[in-house]
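Spelled out, the chains give:
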Amino acid sequence: MSTLHRSPVRSAAQGPPGGGVTRPLHGALTAIAELGSSLTTTAHKAVDEVCRVGRVGRESAEVIGEGAKALCTPTGLAGAVVEAMWLSTHVVIYPLGLFGGRTPEGGPGYRIEHLAPVQRGLVTSNVEAAGTPILLVHGIIDNRSVFTLLRRGLTRRGFGNVSTMNYSILTGDIRVAAARLAEEVEALVEETGYERIHIVGHSMGGLVARYYVTRLGGDARVHTLVTLGSPHAGTYTAYGWNSALTRQLRPGSPLLRELEQPVVACRTRFIAYWSDLDQVMVPQHTAALDHPDLDVTNVPLHGVGHTSLPIMRSVVRGISEVLAYLDTDGTTVAPGVTTLRPHQEPGRGGRARTPHRSATTSPI
């Protein structure tokens, strides 16, 4: 029987025995295949990067868009002008607010003949509201001078015990500033004889006061806390400056997560003002306060810059109404005063609410 001899089958890449001329071709094909694979991988990475940049761009556009929409309105433009003017003025008077301890505006008293009609009316209708101390707390790298107009506005409306405090601009921890605030509150309580006071905090000052109230037991001393443009949910502008303090102001920071923890039976009422033109709070709505355990009324403003918040007539009027007529259950105690009827914000949990009223950008 004959044996069938089969020749070994070789691929084009292998070539005939001995390699010869086809070996360079094999190397070239291999290099081309590797290059194709590399280019494919690079293309995928490029597409992924483009998609990532696109997502970041869309998110940034949404963040920037809030302020841009506010600016592209007559009220927003007017608010931007007021912000620029007040910021320039604040820079000039800033050194005057660096010195001294807590400074009162006016003081408690029972004589009324020297008071203006509005002041006299508040004292005679609700002497407790008129005399309850109001403590103003400034924000980061600032001092009491930012409250120059707010103090006068509250005093003209009949509040006889309005004071401000400074904490060090070198403060590196909100917890430390909150402990300092606790000391000031106790001193104020001892001086005035009032067991509970009101606090108005601008920017980071509102966050300092919130920490004092919710984490250090300050709700026993604070009846109402009003925050003006405070980073309750953090702000992306805090990424522009890297320090221990600014890291606490970034969204999702350990300190902000601590503030999100449950607060059992908090007795303090919160009023949180935020503006769609706030250039420091990014995105702007992070200055609204949303916590399921806190009794909050969020007040949105249109066309008000960050530094202008303490000087707006609508803000001073709103604070005055709340502190003069807000009873322990949230109702008004004087006839003829419009009650802030809050409602639940769509899409937001907890008890955070927005009152049915608008605000203007007129300064005091």
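For the structure itself, consult the block above.
Computed from a prediction, not measured in an experiment: that's the story for all the values here. (Residues numbered from 1 in each chain as written. Predicted model: local features only at pLDDT ≥ 70, side-chain atom pairs only at ≥ 80, totals over all residues. Heavy atoms only, no water.)

Student: Looking at this model, I keep getting lost on the environment of Leu-188. Mind explaining?
Tutor: Positionally, Leu-188 belongs in helix 6 (residues 174–192). Sequence separation between Leu-188 and Pro-133 is 55 residues, and the spatial gap between their C-alpha atoms is 7.7 Å. (Helix = DSSP H or I, 4+ residues; strand = E, 2+ residues; numbered from the N terminus.)

Student: Could you clarify how one ought to interpret the environment of Asp-142 in this entry?
Tutor: Within the element layout of this structure, Asp-142 appears in the loop between strand 2 (134–137) and helix 5 (148–156). Under the relative-accessibility criterion, Asp-142 is labelled buried at 9%. When the C-alpha positions of Asp-142 and Gly-205 are compared, they lie 9.7 Å apart, and in sequence the two are 63 residues distant. (Buried < 20%, exposed > 50% of the residue type's maximum accessible area, 1.4 Å probe, protein only.)

Student: Help me understand the pairing of strand 7 (residues 295–301) in this model?
Tutor: Within strand 7, six of the seven residues are buried, which leaves the element mostly enclosed by the surrounding structure. Relative to strand 7, strand 6 (residues 269–275) is paired through seven bridges, and the arrangement is parallel. Bridge pairing links Ser-275 to Leu-301 in strand 7. (Pairing = 2+ DSSP bridges.)

Student: Explain the layout of surface pockets here, please?
Tutor: Left-over empty space is what a probe sized like a water molecule reveals as it rolls over the atoms. In this model, the largest pocket occupies a volume close to 480 Å³. For the largest pocket, the lining is made up of 23 residues, of which Ile-140, Ile-141, Ser-203, Val-280 and His-306 are closest to its centre. Per-element accounting of the lining of the largest pocket gives the leading share, three residues, to helix 2 (residues 74–93). (1 Å grid on protein atoms, 1.4 Å probe; cavity = no way out; pocket = protein on both sides within 12 Å on 5 of 7 lines; lining within 4 Å. Points joined across faces, edges and corners; volume = space filled by probe spheres on them.)

Student: Got a minute to help me understand unusual backbone geometry in this structure?
Tutor: Leaving glycine aside, a negative phi is the common case for residues, and trans is the common case for peptide bonds. Of the consecutive residues Val-282 and Pro-283, the connecting peptide bond is found in the cis state with omega at -5°. With respect to the helices, strands and loops of the structure, Pro-283 is situated in the loop between strand 6 and strand 7. The phi dihedral of Ser-203 is positive, around 55°, even though this residue is not glycine. Inspection of the secondary structure puts Ser-203 in the loop between strand 4 (197–202) and helix 7 (204–215). Of note, the phi angle at Ala-265 is positive, near 50°, even though the residue is not glycine. Here Ala-265 shows up in the loop between helix 9 (254–259) and strand 6.

Function-wise, these values are silent; they only describe arrangement.
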